[in-house]
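The primary structure of each chain is shown beneath.
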There are 2 protein chains.
Amino acid sequence: MPSTPYQQLKQYLVNNISVDDEQLAAFCKKFRHKTTKRNEVLLQAGDVCPYIYFVNSGCLRIYMLDVNGKESTRFLVTEGRFGTAFPSFNLQEPSLAAIQSIEPSDVLYISHYDFNQLLDTFPGWEHLYRIGLEKDYIASIKRIESLITMDARQRYQLLMETNPALIQKLPSKIIADYLGVSQETLSRLKSKK
Amino acid sequence: MPSTPYQQLKQYLVNNISVDDEQLAAFCKKFRHKTTKRNEVLLQAGDVCPYIYFVNSGCLRIYMLDVNGKESTRFLVTEGRFGTAFPSFNLQEPSLAAIQSIEPSDVLYISHYDFNQLLDTFPGWEHLYRIGLEKDYIASIKRIESLITMDARQRYQLLMETNPALIQKLPSKIIADYLGVSQETLSRLKSKK
DNA sequence: GCCGCTTATTGACATTTGTCAATAATTTAC
DNA sequence: GTAAATTATTGACAAATGTCAATAAGCGGC
């Protein structure tokens, strides 16, 4: 167990950029710490998203809710990763998506203002952010490809291959709307071999 | 008509970062110029993508071809924008997607090596790239949302609202696989009101 | 540990979308 | 300008997926 809630973030930083202890401390100082309950909502749709989160443990879900109450999961943010309602956080405009913690989670968060200040102050921070953006962008491209080229069964199989832990960990209701299929269809895919 | 093929790129740069003429010249020197024919293939699937392109005029299409010969358009890159087979260019691994110029086009291109050299040499370049990544990432998030929450008709209507020029300009066959629907389905959407 | 709520499964059916095929309309290449 | 190739449209049907409903199973909160 890490002695402070900042251990994992520091590890993430040293893995991705060259940074000395002093800078690490300066970065961490901008982050606040929070534990959440199961299904706690961190951002309501319609609000401007003020924070970007780093997940120490647990799982955040970025999701949309349509007028009929149907939910769609845009992204899942697991341990050791950054996540936010990106378009809202980046542009500081009202969010289409909400953020909830699916399970009790332990997170750090930094405000948009402080985040930008780090960008302007430390070139290393911009580099780190850029690397993260590249990875997330590539992940989103792969997701688009799976959505336009594969049927429901193929997408489910792909997820089983690339991220079986997610399927284990999350209720299949959420896996279903992450894949863009109904709960019933996913249930049938799983049973009918 | 611009006097050199670099006019538009320069305009793009000054719009996005503060940069002096000397730097502009240094940036442009890294780009080569090329005109393409209709349907010319710039990258074959399976090859590592060596370049990122800036489109002066015309249109590039990043697309995938499955074993049955079905094509899916991952992205369309129009005038005044950067584009490449991003995962391959970024990771320098074989590309799932191919690149073609749908129509006769006028493009600039820079190698992965030179691009990274600019990143390392000019903080302004990393900033510019980061801003571009943010925009492209947001666009891809919106595309994912449209794919998981909307049916074919809604996606088509969205495209008509957000980018009617694309629908005008491109054959509906390509619009169809960009939307992730068959040509016939799109044709029916258009006729049946 | 139990109650109650949420989630998962299954069936019947409706709807959407895809596939195949034939034909018409366009467009390209020469 | 014309022939050939590509693209678009339409019909008939098949396949995939969604919706609604009923029931079963699982799990969280106390």
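Residues numbered from 1 in each chain as written. Chains lettered and ligands numbered in written order. Predicted model: local features only at pLDDT ≥ 70, side-chain atom pairs only at ≥ 80, totals over all residues. Heavy atoms only, no water.

By the naming in an unreviewed UniProt entry, chain A is Crp/Fnr family transcriptional regulator, taken from Mucilaginibacter terrigena.

A. Broad picture of the relation of the copies chain B and chain A. If you rotate chain B by 180 degrees and push it 0.0 Å along the axis, it lands on chain A with an RMSD of 0.0 Å. Here the transformation between the copies is reduced to the relation of a two-fold axis. Interface residue correspondence from chain B to chain A reaches 100%, placing this contact among same-surface, isologous pairings. (Least-squares fit on C-alpha atoms with pLDDT ≥ 70 in both. Contact = heavy atoms within 4.5 Å.)

B. Structural view of the domain arrangement of chain A. All names here are of chain A. Here the domain parsing of chain A yields domain 1 (7-148) and domain 2 (150-193). Centre-to-centre separation of domain 1 and domain 2, based on C-alpha positions: 24 Å. The partner domain 2 presents 10 residues to the 17 residues of domain 1 that form the contact. Interface area, domain 1 with domain 2, both sides summed: about 1,100 Å², of which 63% is carbon and sulfur. With its nearest N and O atoms 3.3 Å apart, the salt bridge here joins Glu-103 to Lys-169. In this assembly, domain 1 and domain 2 are joined by four residue pairs in polar contact (both at pLDDT 80 or more). At the level of elements, β4 (59-65), β5 (71-78) and α5 (123-149) are the ones that each hand at least two residues to the side of domain 1 that touches domain 2. Considered class by class, the residues forming the side of domain 1 that touches domain 2 number six nonpolar, five polar and six charged. (Domains from an automatic or database assignment. Buried area = accessible area lost by both parts, 1.4 Å probe. Salt bridge = Lys/Arg side-chain N within 4 Å of Asp/Glu carboxyl O. Polar contact = N/O pair within 3.5 Å; in protein donor to acceptor, adjacent residues only side chain to side chain. Helix = DSSP H or I, 4+ residues; strand = E, 2+ residues; numbered from the N terminus. Nonpolar A, V, L, I, M, F, W, Y, C, P; charged D, E, K, R; others polar.)

C. Representation of the UniProt feature "domain: Cyclic nucleotide-binding" (unreviewed entry) in chain A within the structure. The UniProt record annotates "domain: Cyclic nucleotide-binding" (unreviewed entry) at residues 18-119 of chain A. Overall, residues 18-119 of chain A shows 23% helix and 43% strand. The separation of its end C-alpha atoms is 15 Å. (UniProt positions renumbered as here; feature names shortened; annotations may be inferred.)

D. Examining the protein's contact with DNA strand C more closely. The immediate surroundings of DNA strand C are formed by 18 residues, with Ser-172, Lys-173 and Arg-188 of chain A together with Ala-152 and Thr-185 of chain B found nearest. The sugar-phosphate backbone supplies 54% of the atoms of DNA strand C found within 4 Å of the protein. Within the contact set of DNA strand C, a phosphate oxygen lies 2.7 Å away from a side-chain nitrogen or oxygen of Thr-185 of chain B. Here Arg-188 of chain B contributes a side-chain N or O atom positioned 3.4 Å from a base oxygen of DNA strand C. Every element with two or more residues in the surface near DNA strand C is listed here: α8 (172-179) and α9 (183-191) of chain A together with α9 (183-191) of chain B. (Near = heavy atom within 4 Å.)

E. Fine view of the nonpolar core. Grouped together as the largest cluster of nonpolar side chains are 88 residues, with contacts concentrated most on Ile-99 and Trp-125 of chain A together with Ile-99 and Trp-125 of chain B. The contacts of Trp-125 of chain A, once residues within four sequence positions are left out, are Leu-13, Phe-27, Phe-31, Phe-115, Leu-118 and Leu-119 of chain A. By size, the runner-up hydrophobic cluster in this structure holds 17 residues, among which are Leu-76, Leu-159, Leu-170 and Leu-179 of chain B. (Core = buried A, V, L, I, M, F, W, Y, C linked by side-chain atoms within 4.5 Å. Buried < 20%, exposed > 50% of the residue type's maximum accessible area, 1.4 Å probe, protein only.)

F. Structural context of helix α5 (residues 123-149) of chain B. Relative to the 39 Å expected for 27 residues at 1.5 Å per residue, α5 of chain B spans 39 Å between its end C-alpha atoms, a close match to the ideal helical length. The element α5 of chain B is extensively covered by neighbouring structure, given that 19 of its 27 residues are classed as buried. (Expected span 1.5 Å × (residues − 1).)

G. Layout of the pattern of salt bridges. One pass over the full model with this rule turns up 14 salt bridges over all chains. Across the pair Asp-177 of chain A and Arg-61 of chain A runs a salt bridge, and its minimum N-O distance is 3.6 Å. Within this pair, whereas Asp-177 of chain A is found in helix α8, its partner Arg-61 of chain A is found in strand β4, the two being separated by 116 residues in sequence. Residue Arg-61 of chain A is classed as buried on the basis of its relative accessible area, which comes to 2%. Linking Glu-126 of chain A and Arg-130 of chain B is a salt bridge whose minimum nitrogen-to-oxygen distance equals 2.7 Å. With Glu-126 of chain A in helix α5 and Arg-130 of chain B in helix α5, this residue pair bridges two chains. The exposure class assigned to Glu-126 of chain A is buried, which follows from its relative accessible area of 10%. The structure contains a network of salt bridges with shared partners spanning Arg-61, Glu-71 and Asp-177 of chain A.

H. Structural view of the interface of chain B and chain A. Taken together, the contacts link 32 residues of chain B with 32 residues of chain A. In total, about 3,200 Å² of surface goes out of reach between chain B and chain A, with carbon and sulfur atoms giving 68% of it. Taken together, the links from chain B to chain A amount to four salt bridges. For the pair chain B and chain A, the interface holds 11 residue pairs in polar contact (both at pLDDT 80 or more). For the side of chain B that touches chain A, the elements supplying multiple residues, two or more each, are β5 (71-78), α3 (86-91), α5 and α8 (172-179) of chain B.

I. The side chain of His-112 of chain B, seen in detail. Residues and elements named next belong to chain B. Mapped onto the elements of the fold, His-112 is located in helix α4 (residues 112-121). The class for His-112 is buried, based on a relative accessible area of 18%. In contact with His-112, other than residues within four places in its own chain, are Pro-50, Phe-89, Asn-90 and Gln-92.

J. Molecular detail of the sheet that holds strand β6 (residues 82-83) of chain B. Residue and element names in this part refer to chain B. Judged by pairing direction, the sheet is antiparallel, and its four strands sit side by side in the order β1-β8-β3-β6 without closing on themselves. Looking at which strands have only one partner, the edges of the open sheet turn out to be β1 (32-36) and β6. As judged from the two bridges shared by strand β3 (residues 51-57) and β6, these two strands associate in the antiparallel manner. Its bridge partner being in β6, Phe-54 is matched across the sheet by Phe-82. Here helix α1 (residues 7-16) sits on the sheet and contacts β3, β6 and β8 (105-111); the angle it forms with β3, its principal contact strand, is near 105 degrees. Sheet strands touched by α4: β3 and β8. Its angle to β8, the strand with the most contacts, is close to 65 degrees. (Pairing = 2+ DSSP bridges. Axes fitted to C-alpha atoms, helices over the stretch in contact; angles between N-to-C directions.)

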